[in-house]
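The primary structure of each chain is shown beneath.
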Amino acid sequence: MDSSTFHLSVPLIEIILRGSVVFWFLFLIFRLILRRDMGNVGVGDFLFVVIVADASQNAMTGEAKSIADGLVLISVLVFWNVLIDWLGYHYRWIKKLVEPPPLILVRKGVLQTRAMRKEFISRDEIEAKLREEGIEHLSQVKQLQLEADGQLSIIQYDK
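Below or above, wherever it landed, is the structure these notes cover. (Residues numbered from 1 in each chain as written. Predicted model: local features only at pLDDT ≥ 70, side-chain atom pairs only at ≥ 80, totals over all residues. Heavy atoms only, no water.)

Describing the pairing of strand 4 (residues 152-156)
Note on strand geometry: in a regular strand, side chains alternate between the two faces of the sheet.
Then step 1. Inspection of the sheet shows strand 3 (residues 141-146) paired to strand 4 by five bridges, in the antiparallel sense. By the bridge assignment for strand 4, Leu-144 is matched with Ile-154.
Then step 2. Once strand 3 ends, the chain turns through five residues before running back antiparallel as strand 4, passing Gly-150 with a positive phi of about 95°. (Pairing = 2+ DSSP bridges. Helix = DSSP H or I, 4+ residues; strand = E, 2+ residues; numbered from the N terminus.)

Next up, the structure:
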């Protein structure tokens, strides 16, 4: 192993800028498009993430070849991720900006088809979730909503 393995092969500022631009681009894609899939990752979703990771690697590193380049790039990505979490924790308006609000899919036993279409959630998927929770009919559901983490939560009418 030669000594260039541990030295930067790309200017530090270039790695920081490339990593930041790609991070924010991917963040917006995942925030605006892939909300539903965060909680339920299927094979297609996993494949998409792998392909995005591979495609974005070249955009982030350019001609980077050393371990130091990779470590700086990983540090930039971790920095942005931690900063967003920290800011979201301390500032409510930032949390609202980076975390989608819950989306109501069933209200008072009635399917909210517009919201379902927006997130590509079918009646069958909702009925499967109800069965998992031991609920037989939509009429038993006061509210079912898609949470920011992609999970479905159900509030039943009192029995």
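Structure's up, so let's keep going.
Focus on the pattern of salt bridges
Two side chains bearing opposite charge may form a pair once their charged atoms approach each other closely.
Then step 1. One pass over the structure, following the stated rule, counts four salt bridges.
Then step 2. A salt bridge links Arg-18 to Glu-14, with the shortest nitrogen-to-oxygen separation between them at 2.9 Å. Taken as a pair, Arg-18 and Glu-14 lie in helix 1 (residues 12-32) at a separation of four residues, close to a single helical turn.
Then step 3. Judged by its relative accessible area of 27%, Glu-14 is partly exposed.
Then step 4. Among the salt bridges present, the one from Glu-132 reaches Lys-129, with a minimum N-O distance of 3.9 Å. Remark: Lys-129 and Glu-132 occur in helix 6 (residues 123-132); sequence separation between them is three residues, near one turn of the helix.
Then step 5. Residues joined in a network through salt bridges with shared partners are Lys-129, Glu-132 and Glu-133. (Salt bridge = Lys/Arg side-chain N within 4 Å of Asp/Glu carboxyl O. Buried < 20%, exposed > 50% of the residue type's maximum accessible area, 1.4 Å probe, protein only.)

Some remarks on the nonpolar core
Then step 1. Within the largest apolar cluster, 15 residues are counted, with the highest numbers of intra-cluster contacts made by Leu-105, Val-106, Ile-126, Leu-130 and Leu-144.
Then step 2. Apart from the residues within four sequence positions on either side, Ile-126 is in contact with Leu-105, Val-106, Leu-111, Met-116, Ile-121, Leu-138 and Leu-144.
Then step 3. Core analysis: the second largest hydrophobic core is formed by nine residues, Val-10, Ile-15, Leu-26 and Val-72 among them. (Core = buried A, V, L, I, M, F, W, Y, C linked by side-chain atoms within 4.5 Å. Contact = heavy atoms within 4.5 Å.)

Brief notes about unusual backbone geometry
Then step 1. Phi angles above zero are rare outside glycine, and Lys-108 is one such case at about 50°.
Then step 2. Tracing the chain through its elements places Lys-108 in the loop between strand 1 (103-107) and strand 2 (110-111).
Then step 3. Positioned with a positive phi, Phe-120 is a non-glycine residue whose angle comes to about 55°.
Then step 4. As for its placement among the helices and strands, Phe-120 is situated in the loop between helix 5 (113-119) and helix 6.

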